[in-house]
Amino acid sequence: MAAAGVASLLLLLVVLPLSTSDDSLVFGRPLSPGATIVSDGGAFELGFFSPSNSTPARQYLGIWYSGITELTVVWVANRESPAVTGRPTLALTNASSLVLSDGNGQVLWATDVIASDVGTGSAVAVLTNDGNLELRSPNSTVLWQSFDDPTDTFLPGMRVRTASARGGGFDFLVSWNGPGDPSPGQFAYGVDPVTSLQLFTWNGTRPLWRSGAWTGYRVNSEYVANINTIVYLAVVDTNNDSYMAFTLSPGAPRTRYVMARSGMFELQSWTSSRWDTLGRWPPHECSRYGHCGAFGYCDNTAAAPSCHCLAGFEPASPEEWRDGRFAQGCRRKEELRCGVGEEDMFLAVPLMKAPDRFVVVGNKGAAQCAAECAGNCSCVAYAHTNLSSSSRGDATRCLVWAGDLIDTEKIGTVGSAETLYLRVAASATAGTTHGPTYQLPCFRDEDKI
């Protein structure tokens, strides 16, 4: 899940507060502007920062990388409620909650720890060396952590929830609103809340890019030559929790994913003096959501990715396609025969990112999934895989499509690639260079039981 350029940085011109060597916050010792908490290994700091262009001065509580020349904030507590009066403080209360207050004592942000979860003794807040602020009970149980409330940054070791039986819902990374404004911006990255099987970036509610449906891989690794590092993306799917996380090979430089203000989801790595972008999504124009139109696909395996029509289809407007405009997509060369006493074919199209707007049909093996689509004249395609790494009761994943196929790509051998079985008229498969064809019986709706 990685792919290069110069990063769109969230850089603030600020005067950094003086650091302390302590990595924790305890009851009776609040944190104020001018001091920071530094993680035990020195990788991150927690403290107050103020954008240089804010009038009056707005102060935020945040976590940033320590020891680099440009302040890069990875988490903000009060991104919607800056302190604008007096000196704010972060304190651990006797009820074992973290409370951020402004100079007048108004609460700007607080954790929601239930006192009964704490037990006897005093809790402590610790900044770990992976950039996570943890509120721990006396027996070291994590009561709350900043990783569960992300801002715009995905760090190694952090879990981005794709579903949760705990009722916590999904995690979304939301861009900053401006270079000096950490309030939520218009761009977001997260899991599809409808299916929980794919990732999106959005501009408001409009999709910009989509990952493709999860095919069941546990770990997907990619070597990033620029930094001589392997990025390991792991997907965990259980009855109790579902999330994704990433780690780096030993010796890797500081590396993070970020939902940038440009609308790009970026993989960035720190060099000696700047953030370099190692990959960004969408990687090119052809990969933008729905760019090639209905029944069109982007061939990302080509040296110059471009739009094509799926087998059995042709441009709906050849003139517009010649001009590089693909919005009208593709149309069938021949109409389907299903329901009129003839048989269609299912063409195997390998190495594809499955289209969007699918319906998940549960408890269907490969043959049953094929029959599900073949037995419905409105079904235009299907795809099947076994989610072998899932520990849920139903490990099958049968996807079927009715209507237009939107946002399809040829992506090669990456983790989310799969074979799409496309319904076409039998005569339309002549001369195709895709996979084999499968002739399956088609039933009219009135024939179905």
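The structure this text deals with has already been given above.
Here we summarise the structure given alongside this text. Keep in mind that what you see is a predicted model, and the values were worked out from it rather than measured.

1. Re the layout of surface pockets
Considering only enclosed or pocket space, the second largest pocket measures out at about 260 Å³ in volume. Along its surface, the second largest pocket is lined by ten residues, and Thr111, Asp112, Val113, Leu143 and Trp144 are the ones closest to its centre. Within the residue set of the lining of the second largest pocket, elements represented by two or more residues are β10 (107-110) and β13 (142-145). For the lining of the second largest pocket, the per-class residue count stands at six nonpolar, one polar and three charged.

2. As for the sheet that holds β13
The strand order across the open sheet built from four strands is β3-β11-β12-β13, with neighbouring strands paired in antiparallel fashion. Here the strands that pair on one side only, and so sit at the sheet edges, are β3 (24-25) and β13. With two bridges connecting them, β3 and strand β11 (residues 124-127) associate as antiparallel partners. When the bridges of β11 are listed, Leu25 appears paired with Ala125.

3. Regarding the state of the cysteines
Inspection of every chain in the model, using the stated rule, returns six disulfides. Put simply, Cys292 and Cys307 are joined by a disulfide, and their sulfur atoms are 2.0 Å apart. Taking the sign of the S-S torsion, -80° for the link of Cys292 and Cys307, the bridge is left-handed. With Cys292 in the loop between β25 (275-281) and β26 (296-299) and Cys307 in strand β27 (residues 306-309), the pair connects residues that are 15 residues apart, well separated along the chain. Note on accessibility: Cys292 and Cys307 belong to one class, buried. Put simply, Cys373 and Cys379 are joined by a disulfide, and their sulfur atoms are 2.1 Å apart. Looking along the S-S bond of the Cys373-Cys379 disulfide, the torsion reads about -100°, which is the left-handed sense. Note on accessibility: Cys373 and Cys379 belong to one class, buried.

4. Remarks on the pattern of salt bridges
Applying the stated criterion across every chain, the model contains 16 salt bridges. In this structure, Glu134 and Arg136 form a salt bridge, with 2.9 Å as the shortest nitrogen-oxygen distance. The class for Glu134 is buried, based on a relative accessible area of 13%. Of the charged contacts in the structure, one is a salt bridge between Asp344 and Arg423, with a shortest N-O distance of 3.5 Å. Here Asp344 is found in strand β30 (residues 344-353), whereas its partner Arg423 is found in strand β35 (residues 418-425), with 79 residues between them in sequence. Neither residue differs from the other here; Asp344 and Arg423 are each classed as buried. The network of salt bridges with common partners includes Arg210, Lys353, Asp407 and Glu409.

Rules behind the numbers
Along each chain, the written sequence defines residue order, and numbers are assigned to residues from 1. For this predicted model, a pLDDT threshold of at least 70 governs which residues receive local features, and a threshold of 80 or more governs which side-chain atom pairs are given and counted, while totals over whole chains, interfaces and linings are taken from all residues. Excluded from the side-chain calculation are hydrogens and water; included are all heavy atoms of the structure. Within this scheme a cavity is a closed region of a 1 Å grid, computed over the protein atoms alone, that accommodates a 1.4 Å probe without allowing it to escape, whereas a pocket is open but has protein on both sides within 12 Å along at least five of seven lines; lining residues each have an atom within 4 Å of a point. Grid points are joined across faces, edges and corners, and a volume is the space filled by probe spheres set on the points. A helix here means a DSSP run of H or I that spans at least four residues, while a strand means a run of E at least two residues long, and both kinds are numbered starting from the N terminus. Gly is placed with the polar residues, together with every amino acid not listed as nonpolar (Ala, Val, Leu, Ile, Met, Phe, Trp, Tyr, Cys and Pro) or charged (Asp, Glu, Lys and Arg). Only strands that DSSP links by at least two bridges are regarded as paired with each other. Two cysteine sulfur atoms form a disulfide, by the criterion used here, when they sit within 2.5 Å. Each residue is assigned to one of three classes by its accessible area relative to the maximum for its type, calculated with a 1.4 Å probe on protein chains only: buried under 20%, partly exposed between the two thresholds, exposed over 50%. Think of a salt bridge as a Lys or Arg side-chain nitrogen and an Asp or Glu carboxyl oxygen that are within 4 Å of each other.

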